[in-house]
Amino acid sequence: MEEKFDVLAVGAGYAGAVAARALADQGKRVLVLERRDHIGGNAYDRPDQAGVLIHQYGPHIFHTNDKQVFDWLSRFTRWRDYQHRVVANIPDGRGGRITYPVPFNLTSLETAFGPEEGRRLGDKLTAAYGAEKKVTILELRQNQDPSIAALADYVYEHVFVHYTMKQWGQRPEDIDPNTTARVPVFLSRDDRYFQDTYQGMPLEGYTPMFERMLDHPSITVELGTDALGRLDLSGNTLKVDGAPFDGQVIYTGQADELFGFRFGPLPYRTLDFAFETLEQDDFQGYGTVNYTVDEDFTRITEFKHLTGQAAPGVTTIVKEYSKAYTGERGEIPYYAIINPENNALYAKYRAEADRFSNLHLLGRLAEYKYYNMDAIAGKALELAEKL
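Owing to the predicted nature of the structure, the values given are computational and were not obtained by experimental measurement.

### Side note on the packing of aromatic side chains
In this description, a pair of aromatic rings is defined by centroid distance and the angle of the planes.
Okay, so step 1: The full count for this structure, using the stated rule, is 23 aromatic pairs.
Okay, so step 2: Taking the centre distance of 5.1 Å and the plane angle of 80° together, the rings of Tyr14 and Phe210 count as edge-to-face. Here Tyr14, found in helix α1 (residues 14-25), pairs with Phe210, found in helix α8 (residues 206-214); they are 196 residues apart in sequence, far enough to count as distant.
Okay, so step 3: For Tyr14, a relative accessible area of 7% gives the class buried.
Okay, so step 4: Given the relative accessible area of 0%, Phe210 is considered buried.
Okay, so step 5: One aromatic cluster is present, formed by Trp168, Phe273, Phe275, Phe303, Tyr334, Tyr335 and Tyr370 through successive ring pairs.
Okay, so step 6: Positioned over the ring face of Phe186 is Lys134, at 5.1 Å from the centre of the ring.

### Remarks on the packing of α1 against helix α13 (residues 373-386)
When two helices pack together, their arrangement is captured by the angle between the axes and the distance separating the axes.
Okay, so step 1: Where α1 contacts α13, the two axes come as close as 8 Å, and the packing angle between them is 35°. Considering the relative orientation of α1 and α13, their crossing is right-handed. Facing Tyr14, Ala15, Val18, Ala19, Ala22 and Leu23 of α1, the residues of α13 in contact are Met373, Ile376, Ala377, Ala380, Leu381 and Ala384.
Okay, so step 2: Residue composition of the contact of α1 with α13, by class: twelve nonpolar, no polar and no charged.

### Topic: the side chain of Thr252
Okay, so step 1: Here Thr252 is to be found in the loop between β17 (248-251) and α9 (255-258).
Okay, so step 2: Residue class for Thr252 comes out buried when judged on its relative accessible area of 16%.
Okay, so step 3: Reaching out from Thr252, the side chain makes a polar contact with the backbone oxygen of Val10 at a distance of 2.5 Å.

### A look at the environment of Thr220
Okay, so step 1: Looking at the element boundaries, Thr220 is found in strand β13 (residues 219-223).
Okay, so step 2: Accessibility expressed as a relative area gives 32% for Thr220, which makes it partly exposed.
Okay, so step 3: In sequence terms Thr220 and Leu31 are 189 residues apart; their C-alpha atoms lie 4.9 Å from each other.
Okay, so step 4: Thr220 has contacts with Phe5, Val30, Leu31 and Val32, leaving out every residue within four places of it along the chain.

Rules used throughout
Residues numbered from 1 in each chain as written. Predicted model: local features only at pLDDT ≥ 70, side-chain atom pairs only at ≥ 80, totals over all residues. Heavy atoms only, no water. Phe/Tyr/Trp six-rings, centres within 6.5 Å; stacked < 30°, edge-to-face > 60°. Helix = DSSP H or I, 4+ residues; strand = E, 2+ residues; numbered from the N terminus. Buried < 20%, exposed > 50% of the residue type's maximum accessible area, 1.4 Å probe, protein only. Lys NZ or Arg CZ within 6 Å of the ring centre and 35° of its normal. Axes fitted to C-alpha atoms, helices over the stretch in contact; angles between N-to-C directions. Left-handed = near helix turned anticlockwise from the far one by under 90°. Contact = heavy atoms within 4.5 Å. Nonpolar A, V, L, I, M, F, W, Y, C, P; charged D, E, K, R; others polar. Polar contact = N/O pair within 3.5 Å; in protein donor to acceptor, adjacent residues only side chain to side chain.

Laid out in C-alpha cells, this is it:
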C-alpha cells in the first residue's frame, strides 16, 4: 500500500469521491475502495429497463448557496436548470383530494382555506411577520391571534405530524419538539422547495459526473471490495492488508460497523422503494408529491420531471416506504436517528477512531449526521485541503 498509495478512501459517494479527486489534484496517489458494484453512492443513477433515467436510491436534487462547491462540481458536469417544486396530496374531507405547495405558503393558504379567507390570513401573517419570511409553527402557535394559532394547528396536522410519523416511526408525543419548531410557513408565492442560489440537475446524470470526477491518473477505484476486510484497527497502529499504513485513510461508511459494533449498533431509518413503469407520458405533473396525511408511503417521485428526459409514452415513478433499519442483508442505512442517547453511543465510536491520527471519518454514516449533498462535498474539500 505505502509503495503505491498515499491515501485510502473507503466509499465512492460524494464524501469519498470528492476528497479523492481533490487530493489527486494535489499530487496524492489515492485508492478508492467501494463495496457496491458502482460509484456515486446513493446519488447513483441509471437507465431502467424502459430507458428512463432513475435515481436508484431515491431522488437527489442538487441545491446550494456555496459558490465554491458549485464551481468545483461544475468541472465535471454541465447543469440542467431545474427548480424543485413539491406538493402535498391530501384528502379534502369531501371524498376528493387537493394538492398545494410545500413548504406551506401563501398559495397553499388560498387552496386550503379558499381564495378569500386564504388572502385574509396571508395579509394578516405578512403584516405580523413581514413578506418573504419563513415563520415556524412554534412562532405561529405563540401568536395571540386565534386565527393564526389555528393556522399553525392546521399545518401541523395536515403537513407535518402524519408525514413525520411515517418517516421516523414515532408517535406525535415522541417527536422532538425542536423538529416541530422548525417546520415553516413561507410568507411568499415562491413555490420552489428550495430558495438556494444554485439549483439544478447534472445534465447527463450523477453517475457520469462521478465518472469524470474519478477519472484521474492518480486515482485507482476498486468496486465490489469490502474495505473492512482489509482494515485492521485492533492495535494502536492502523494496518491495511496486514501491514502498518502511515498514509491517510478517509472512511465514509458506518462508524459502528468499522469497529465491529462493539458498543452496539447505531439506530437508523431505512427506505423501501417500489418502482413502477407506466405506459403514459406523465403521471403526476411534478417531480415529487408528498402524501402527508394518508397512504403508507411518504411520497411519489416521477423522474422525468427531475431529469427533463424526453421519453414519450413511458414514465417511471417510485413510492418510498420508511421503516426501521435492522441491518438485514440488502438494507441500507439512510437517516441517523439523532437524539442524546444515540449521540452518546456514537461518541464512543468516534473516540475509537480518534486513537488513529491518520483515520478521518467523513460523511452521513461515518459522522452520524444528516448532510445535504453540497454540504458533504464542501466538507470533503475542506478535509482534502487540511491533509
